[in-house]
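What follows is each chain in one-letter form.
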Amino acid sequence: MPQTLAQKLLARASGKASVHPGEIVTCKVDLAMMHDSGGPRRIAPLLAELGAKPWDPDKIVVITDHYLPAYDDESRNIIRIAQDWVKTAGVSRFHDNMGICHVVLPEQGHLKPGMFVVGGDSHSCTGGAFGAYVLGVGSTEMFGVVATGEIWVRVPQTILVDWQGRFGAAVSAKDAMLFLCGKLGLDGGDYQAVEYTGSAVSALSMQERMTLSNMTAEIGGQVGLVAPDDTTRAYLAAAGAGEIDTGQWHTDPGSALGAHHRFNAGDLPPQVAAPGSPTNTKGVGEYAGEKIDIAYIGACTGAKLDDLRMAAKVFKGRHAAPGVRLMVAPASRKDQKQAADEGTLDILIAAGAQILPNTCGVCAGYGEYRFAENEVIISSTARNFKGRMGADSAQVWLGSPYTVAASAIAGRITNPMDMIG
Amino acid sequence: MTEDGKRNPRTWVYGDNVTTDSLAPGAFMKLGIAEIARHCLESVEPSFASTVARGDFVVGLRNFGAGSSREQAPEALRHLGVAAVLAQSYGGIFYRNAINLGLPVLVCADTARIKASDHLEVDPVAGKVRITNSGVVLDCEPIPPHLMAMLNDGGLVPHLKKRFAAQRSEACAGGSAT
């Protein structure tokens, strides 16, 4: 029987020759990744309560990103708990203040195609871009994984999302995902596996593929997969992950699918989602002219090196409009360094950007920076639910880094095609 | 009021896509569950947290618990005494989190028929919701057996506690035999 990529990954993790959708399997975990908010501060007390120890400290990665920079006693304590716990638990793969977990995990070479990974965050699906099954969970579930090395999964169907052709000059993976959110809705992924295929996806960089996988969370998918190829191989080799095997990690032709969506990348204009939900999406032209106070480029979704480059392409030689606050929080320290070395960061700073720490920042809404009453923001992040990034009355529009940059320059929501042609 | 003077359980009815951001607002996530729960659903219904009582039911339509993996979302409902959540579907992670924390979450295709003025009796084991004021009975999808076992134990932590205790006593029995 032909098998989907998701089925093959779960069959391997559960030690079976094959699995079928609907079957409940117990998977052995190759890697457990957690951050400071859902990680040690929540699981350490549970481990103590049960007198349990981590099943394999070498398979645990801890990355601090939510409560950084720590700004009060509570946040300092949360970070301290993480720093202390990795020592007592014997976890050596600890990345403290290096960037957002979903970006740091592959950049540090921890992910490989074929792996079964559990991540303590809903955007853990980002790692699916590498052909790994990366399942997002809450902290009690993560405690279960750390205590046993296992987790149950109901084998999902696969929803194929196929993009043929090439995306336009100022169109990105973010636009593809906002479009998909609008098309399918917040539950369109139905907690199934979503796999991105087609010539337009093959042509994307690794970080752009990560954006596809990342926003699978916004359509309610369980995992967002991309079959690994030479682009994956090159990225992972540079990250020090070593040689990888791509051979079997793809969906077999003729596999039974839950749904198959086909789109033409060349037809997609830049997309913008109106405040309240990433599903409030239309072509940027429909919303052009909306006045903004803040342009925010941040998060695992929208401030990776490639996202910063997109913004810089628009900002080059230009400045944010008077009165518009431009905030840029590069997703990882490594991406920020590369952006600095190559001149991308200079362009952003010259455009008026305030460079913020390499953390989840306003996107998580846990930290010091939150948007104020009635502020109007255009953001390269993933979610704009009421109250998430600040006051209930803050109005957060979502767009690609191109669109955020173009809108910052004009002071109004603007089609980036008008600026880079 | 019931005959013994207790308040009847109330039914709190919401729509599609109740988000984890509204159930456990980010600004309070650094604090303990009691403080987070005080702000549960305040962006949707400001009086919810101060009025909800032990035994009440929360009803949604599609995709209840959409968004983040923060398990403080179902934990806040449990802390406030919510007896069960009924919805047509759930955010996948929210659903797992709720069961892990011992909060019954039932998939019921007909939640649109439930009104805030209704009184409910919910049997998670049988998968039945009875609207006592109208006599209407709604069917829920059965909870899979491995999750029902976890719910019966009170969630994943007591479930694993039981499993580890059984393993230890097995190991001890094995040890004494040799």
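The structure presented is a predicted model; accordingly, all values stated were derived computationally and were not measured. (Residues numbered from 1 in each chain as written. Chains lettered and ligands numbered in written order. Predicted model: local features only at pLDDT ≥ 70, side-chain atom pairs only at ≥ 80, totals over all residues. Heavy atoms only, no water.)

1. Thoughts on the pattern of salt bridges
Under the counting rule described, the total for this entry stands at 28 salt bridges over all chains. Here Arg12(A) makes a salt bridge to Asp30(A), at a shortest N to O gap of 2.9 Å. With Arg12(A) in helix α1 (residues 5-14) and Asp30(A) in the loop between β1 (24-28) and β2 (31-35), the pair connects residues that are 18 residues apart, well separated along the chain. Among the ionic pairs, Glu75(B) bridges to Arg42(A), the shortest N-O distance being 2.8 Å. A residue pair is termed interchain when its members come from two chains, as with Glu75(B) in helix α4 (residues 72-79) and Arg42(A) in helix α2 (residues 40-50). Note on accessibility: Glu75(B) and Arg42(A) belong to one class, buried. Among the charged side chains, a network of salt bridges with common partners joins Arg42(A), Glu71(B) and Glu75(B). (Salt bridge = Lys/Arg side-chain N within 4 Å of Asp/Glu carboxyl O. Helix = DSSP H or I, 4+ residues; strand = E, 2+ residues; numbered from the N terminus. Buried < 20%, exposed > 50% of the residue type's maximum accessible area, 1.4 Å probe, protein only.)

2. Here's the deal with the packing of α2(A) against helix α5 (residues 139-148) of chain A
Residue and element names in this part refer to chain A. Relative orientation of the contacting elements α2 and α5 amounts to 50°, with a least axis distance of 9 Å. By the angle between their axes, α2 is oblique relative to α5. Pair α2 / α5 crosses with right-handed handedness. Along the contact surface, α2 presents Arg-42, Ile-43, Leu-46, Leu-47 and Leu-50, while α5 presents Ser-139, Thr-140, Met-142, Phe-143, Val-146 and Ala-147. A per-class count over the contact of α2 with α5 returns eight nonpolar, two polar and one charged. (Axes fitted to C-alpha atoms, helices over the stretch in contact; angles between N-to-C directions. Parallel < 35°, antiparallel > 145°, perpendicular 65-115°, else oblique. Left-handed = near helix turned anticlockwise from the far one by under 90°. Contact = heavy atoms within 4.5 Å. Nonpolar A, V, L, I, M, F, W, Y, C, P; charged D, E, K, R; others polar.)

3. Some remarks on the pairing of strand β8 (residues 158-164) of chain A
Residue and element names in this part refer to chain A. Counting buried positions over the seven residues of β8 gives six, a clear majority of the element. Where β8 meets strand β9 (residues 193-197), five bridges bridge the pair, whose relative direction is parallel. Across the sheet, the residue bridging to Val-161 is Tyr-196, located in β9. Between the parallel pair β8 and β9, the chain is carried across by helix α6 (residues 173-184), and the sense of this crossover is right-handed. In terms of strand pairing, β8 meets strand β11 (residues 259-264) through six bridges, oriented parallel. By the bridge assignment for β11, Asp-162 is matched with Arg-262. (Pairing = 2+ DSSP bridges. Right-handed = clockwise from strand over helix to strand, strands pointing away.)

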